[in-house]
Amino acid sequence: MNKKNSSLRIACPECGNDTDFFEVADGVVITTRYLQNADCSFTQDGDESQVLGEIKFFCGECNTDLSHFHQRFLEMLF
């Protein structure tokens, strides 16, 4: 990895984890759409989520709050 890429890598300052992270969102509305099939079963047709509250970003290893890295995470999400 070149120096430029390593400077963008998010790493937990507490445990050094640089691979596993998670988000927690407050006040989320999830809408799931379904289609009923000819045999009366259902198939999911899609879903949408709307976050109404705060989103926090955490280390997936030690649960340290890394929310100050959240914007960088969003910029690097592909």
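Residues numbered from 1 in each chain as written. Predicted model: local features only at pLDDT ≥ 70, side-chain atom pairs only at ≥ 80, totals over all residues. Heavy atoms only, no water.

K.L.:
Would you mind going over the overall build of the chain with me for this structure?
P.N.:
A count of helices and strands for the chain gives two helices and four strands. For 78 residues, the compact-globule formula gives about 12 Å, and the C-alpha radius of gyration of the chain, at 18 Å, lies well above that figure. Counting only C-alpha atoms and orienting by the principal axes, one finds that the chain spans roughly 55 × 30 × 20 Å. Counting across all 78 residues of the chain, residues that qualify as buried make up 13%. (Helix = DSSP H or I, 4+ residues; strand = E, 2+ residues; numbered from the N terminus. Rg over C-alpha atoms; globule rule 2.2 N^0.38 Å. Buried < 20%, exposed > 50% of the residue type's maximum accessible area, 1.4 Å probe, protein only.)

K.L.:
Looking at this structure, I do not really get the environment of histidine 68. What am I missing?
P.N.:
Note on placement: histidine 68 falls in the loop between strand S4 (55–59) and helix H2 (70–75). Expressed as a C-alpha distance, the spacing of histidine 68 and phenylalanine 42, which sit 26 residues apart in the sequence, is 41 Å.

K.L.:
Which parts of the structure should I look at to understand the nonpolar core?
P.N.:
Here is a general trend for soluble globular proteins: nonpolar side chains tend to be buried in one another's company. By size, the foremost hydrophobic cluster in this structure holds six residues: Ile10, Cys12, Phe57, Cys59, Leu66 and Phe69. Once residues lying within four places of it in the same chain are set aside, the contact partners of isoleucine 10 are Asn17, Asp18, Phe21, Phe57, Phe69, Arg72 and Phe73. (Core = buried A, V, L, I, M, F, W, Y, C linked by side-chain atoms within 4.5 Å. Contact = heavy atoms within 4.5 Å.)

K.L.:
How should the environment of aspartate 26 be read in this particular structure?
P.N.:
Tracing the sequence through the fold places aspartate 26 in the loop between strand S1 (21–25) and strand S2 (28–36). When the C-alpha positions of aspartate 26 and glycine 60 are compared, they lie 18 Å apart, and in sequence the two are 34 residues distant. Those residues in contact with aspartate 26, other than ones at most four positions away along the chain, are Val51, Leu52, Gly53 and Glu54.

K.L.:
What's the story with the pattern of salt bridges in this structure? I'm lost.
P.N.:
Applying the stated criterion across every chain yields a total of three salt bridges. When the shortest N-O distance is used, the salt bridge between arginine 9 and aspartate 18 registers 2.9 Å. On the basis of relative accessible area, arginine 9 is assigned to the partly exposed category, the value being 39%. Overall, the relative accessible area of 31% leaves aspartate 18 in the partly exposed class. With its nearest N and O atoms 3.6 Å apart, the salt bridge here joins glutamate 48 to arginine 33. You can see glutamate 48 sitting in strand S3 (residues 42–51) and its partner arginine 33 sitting in strand S2, a full 15 residues away along the chain. Look at arginine 33 and you get partly exposed, because its relative accessible area is 45%. (Salt bridge = Lys/Arg side-chain N within 4 Å of Asp/Glu carboxyl O.)

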